[in-house]
Amino acid sequence: MASTQDKNRQRLRQLLNEPGNGTCADCGAADPEWASYTLGVFVCHSCSGLHRNIAQISKVKSVHLDPWSTSEVEFMNSVGNNAAKAKHEQIVPAFYYRPTHKDCTLLREQWIRAKYERKEFVCVERQEPYSAGYREGFLWKRGRDNGQYLSRKFILSEREGVLKYFNKHDAREPKAIMKINTVNASFQPTKIGTAHGLQITYLKDNSTRNIFVYHEDVYKYTLLPKLTRNYIKEGYMEKTGPKHTEGFKKRWFTMDDRRLMYFKDPLDAYARGEVFIGSKESGYIVLSGLPTSIQGNHWQFGITIVTPDRKFLFACETEEDQKDWIAAFQTVINRPMLPQEYAVEAYFKHKP
């Protein structure tokens, strides 16, 4: 005869098959194997660790390994992921970025704390920092030439539609003015080398500019939910020039929507060059390999991007890298272009 523990575990496994419970309540990862028995949600192993950081609110157990009481299982049955989302995500602002399992730990932890600890999406008044339309504060910014981090004042003005920073605390004129609709803020702790490293990318004269900042207190990033989107892919590849006779050079590449940018160093302020990746309807194709006549590449796994005007040649260090880049390019190429993207394409074609 099955014990109470066996029956409880069997019931929990059945609950995992209920609508909404088959993915992590916080990041969407498939097949969660942990649960918060105080919140009534099923979560993945990674998010369960983040729930432990708010132990006064959320207490977690393994669905398969830990003992479960009948009352705990009944509570899980009475809530579940869909009901919990309906409660804790009632009024998530349209601009707020919902992280996925592919995002860094810091971003997912702030999402979890915002939902369950600060209850930002239950009470509108708790969203004041995001909805006020104006934020001002100081971040440590990396110098473009010397790599030294210095304190700089940043202002985010929703009314003006800009993010500004100032080289001096008492300066009247900003060093840079970034239009919010061109800005992207992405956590890059590994690249920058600090736990809360943030890369801010924006367009200046239709060319990409990077600045790198950090703050010891992640809550200072109150601008982040308005500005964040993930890069499609980043990493090293080799490239050759437009004549295909130059030697291949190793460069850091970033795929941001339809812009493929390359840098000599991942922390460079400006891209050495940019390539627009259009759609297959406009004649853009990605191919595995390089033309047989090509020489000079040290890495053996080639990629050819065919555009209406020319071919771009790249080489990857491993076959896995090659497959990942091809998949990223194909995702963009398969997506029909928006009307405004034709104007960007035209700019690239006539770019000196």
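Residues numbered from 1 in each chain as written. Predicted model: local features only at pLDDT ≥ 70, side-chain atom pairs only at ≥ 80, totals over all residues. Heavy atoms only, no water.

- Going by an unreviewed UniProt entry, the chain carries the name Arf-GAP with dual PH domain-containing protein 1-like and comes from Sphaeramia orbicularis.
- Entered under Subcellular location (unreviewed entry) in the UniProt record, the comment concerning the chain runs "Cytoplasm". (UniProt positions renumbered as here; feature names shortened; annotations may be inferred.)

**Looking at the overall build of the chain**
Working step 1: Of regular secondary structure, the chain possesses 10 helices and 17 strands.
Working step 2: With respect to the three principal axes, the spread of C-alpha positions in the chain is 75 × 55 × 40 Å.
Working step 3: Looking at the 352 residues of the chain, the share that counts as buried comes to 48%.
Working step 4: In the chain, 50% of the contacts between residues at least 6 apart in sequence involve partners at least 24 apart.
Working step 5: Carbon and sulfur atoms form 50% of the exposed surface of the chain, whose accessible area is close to 17900 Å². (Helix = DSSP H or I, 4+ residues; strand = E, 2+ residues; numbered from the N terminus. Buried < 20%, exposed > 50% of the residue type's maximum accessible area, 1.4 Å probe, protein only. Contact = heavy atoms within 4.5 Å. Areas by Shrake-Rupley, 256 points an atom, 1.4 Å probe, with all protein chains shown as cover.)

**Description of empty space enclosed by the protein**
Any empty space left between atoms is shown by rolling a water-sized probe over those atoms.
Working step 1: Evaluation of the coordinates by the stated rule reveals 2 cavities of 30 Å³ or more.
Working step 2: Approximately 50 Å³ is the volume found for the largest cavity.
Working step 3: Broken down by secondary-structure element, the contributors of at least two residues to the lining of the largest cavity are β4 (134-142) and β10 (207-214).
Working step 4: Element by element, the count of residues in the lining of the largest cavity is highest for β10, at 4 residues. (1 Å grid on protein atoms, 1.4 Å probe; cavity = no way out; pocket = protein on both sides within 12 Å on 5 of 7 lines; lining within 4 Å. Points joined across faces, edges and corners; volume = space filled by probe spheres on them.)

**Points about the nonpolar core**
Working step 1: Ranked by internal contacts, the top residues of the largest apolar core, which has 22 residues, are Leu260, Ile303, Trp325 and Phe329.
Working step 2: Broken down by secondary-structure element, the contributors of at least two residues to this core are β12 (249-256), β13 (259-263), β14 (273-276), β16 (301-306), β17 (311-316) and α9 (319-333).
Working step 3: For this core, the element with the most residues is α9, which contributes 5 residues.
Working step 4: Among the nonpolar cores identified, the runner-up in size contains 18 residues, and Ala176, Tyr202, Ile211 and Val213 belong to it. (Core = buried A, V, L, I, M, F, W, Y, C linked by side-chain atoms within 4.5 Å.)

**Some remarks on the sheet that holds strand β15 (residues 285-288)**
Working step 1: Read across the open sheet, the 7 strands follow the order β14-β13-β12-β11-β17-β16-β15; overall the sheet is antiparallel. This sheet does not close on itself; its edge strands, each paired only once, are β14 and β15. Averaged over all pairs of adjacent strands, the angle between their axes in this sheet comes to 35°, without regard to strand direction.
Working step 2: Taken together, the 4 bridges between β13 and β14 define a ladder with antiparallel strand orientation. (Pairing = 2+ DSSP bridges. Axes fitted to C-alpha atoms, helices over the stretch in contact; angles between N-to-C directions.)

**Some thoughts on the packing of aromatic side chains**
Working step 1: Per the counting criterion, the structure on display carries 14 aromatic pairs.
Working step 2: Both rings, one in Phe154 and one in Tyr165, keep their centres 5.4 Å apart while their planes meet at 25°; by these two values the pair is stacked. A residue pair is termed long-range when its members are at least 10 positions apart, and Phe154 in strand β5 (residues 149-157) and Tyr165 in strand β6 (residues 162-166) qualify at 11 residues.
Working step 3: We classify Phe154 as buried; its relative accessible area is 5%.
Working step 4: With a centroid separation of 6.4 Å and an interplanar angle of 75°, the aromatic rings of Phe253 and Trp325 are classed as edge-to-face. Of this pair, Phe253 sits in strand β12 while Trp325 sits in helix α9; the two residues are 72 residues apart in sequence, bridging distant segments of the chain. When sorted by exposure, Phe253 lands in the same class as Trp325, which is buried.
Working step 5: An aromatic cluster of three or more residues is present, and its members are Phe253, Tyr262, Phe314, Trp325 and Phe329.
Working step 6: Across from the ring centre of Tyr270, 5.0 Å away, lies the NZ or CZ of Arg209, which sits over that ring. (Phe/Tyr/Trp six-rings, centres within 6.5 Å; stacked < 30°, edge-to-face > 60°. Lys NZ or Arg CZ within 6 Å of the ring centre and 35° of its normal.)

**Description of the sheet that holds strand β7 (residues 176-179)**
Working step 1: Pairing is antiparallel in the open sheet, where 7 strands are placed in the order β7-β6-β5-β4-β10-β9-β8. Of all the strands in the sheet, the pair left with one neighbour each is β7 and β8 (184-187). Neighbour-to-neighbour, the strand axes of the sheet open up by a mean angle of 35°, direction not taken into account.
Working step 2: One ladder, built from 5 bridges, connects β5 with β6; its direction is antiparallel.

**So, the pairing of strand β11 (residues 233-239)**
Residues in a regular strand project their side chains so that they alternate between the two faces of the sheet.
Working step 1: Of all 7 residues making up β11, 6 are buried, and the element is well covered by its neighbours.
Working step 2: Note: β11 against β12, 7 bridges, orientation antiparallel. Paired with Met237 across the bridge in β12 is Arg251.
Working step 3: Of the pairings in the sheet, the one linking β11 to β17 comprises 2 bridges and is antiparallel in character. Pairing of Lys239 across the sheet is with Phe314, part of β17.

**Notes on the environment of Thr240**
Working step 1: Within the secondary structure, Thr240 is located in the loop between β11 and β12.
Working step 2: Thr240 sits 52 residues away from Gln188 along the chain, and the two C-alpha atoms are 27 Å apart.
Working step 3: When residues no more than four places from it in sequence are discounted, the contact partners of Thr240 are Thr245, Glu246, Gly247, Phe248 and Leu313.

**A closer look at the pairing of β5**
Working step 1: Most of β5 sits inside the fold, with 7 of its 9 residues counted as buried.
Working step 2: Looking at chain direction, β4 and β5 are connected through 9 bridges and run antiparallel. Within the sheet, the bridge partner assigned to Arg135 lies in β5 and is Leu156.
Working step 3: With antiparallel pairing between neighbouring strands as the criterion, β4 and β5 make up a hairpin whose turn holds 6 residues, including Gly147 at a positive phi of roughly 70°.

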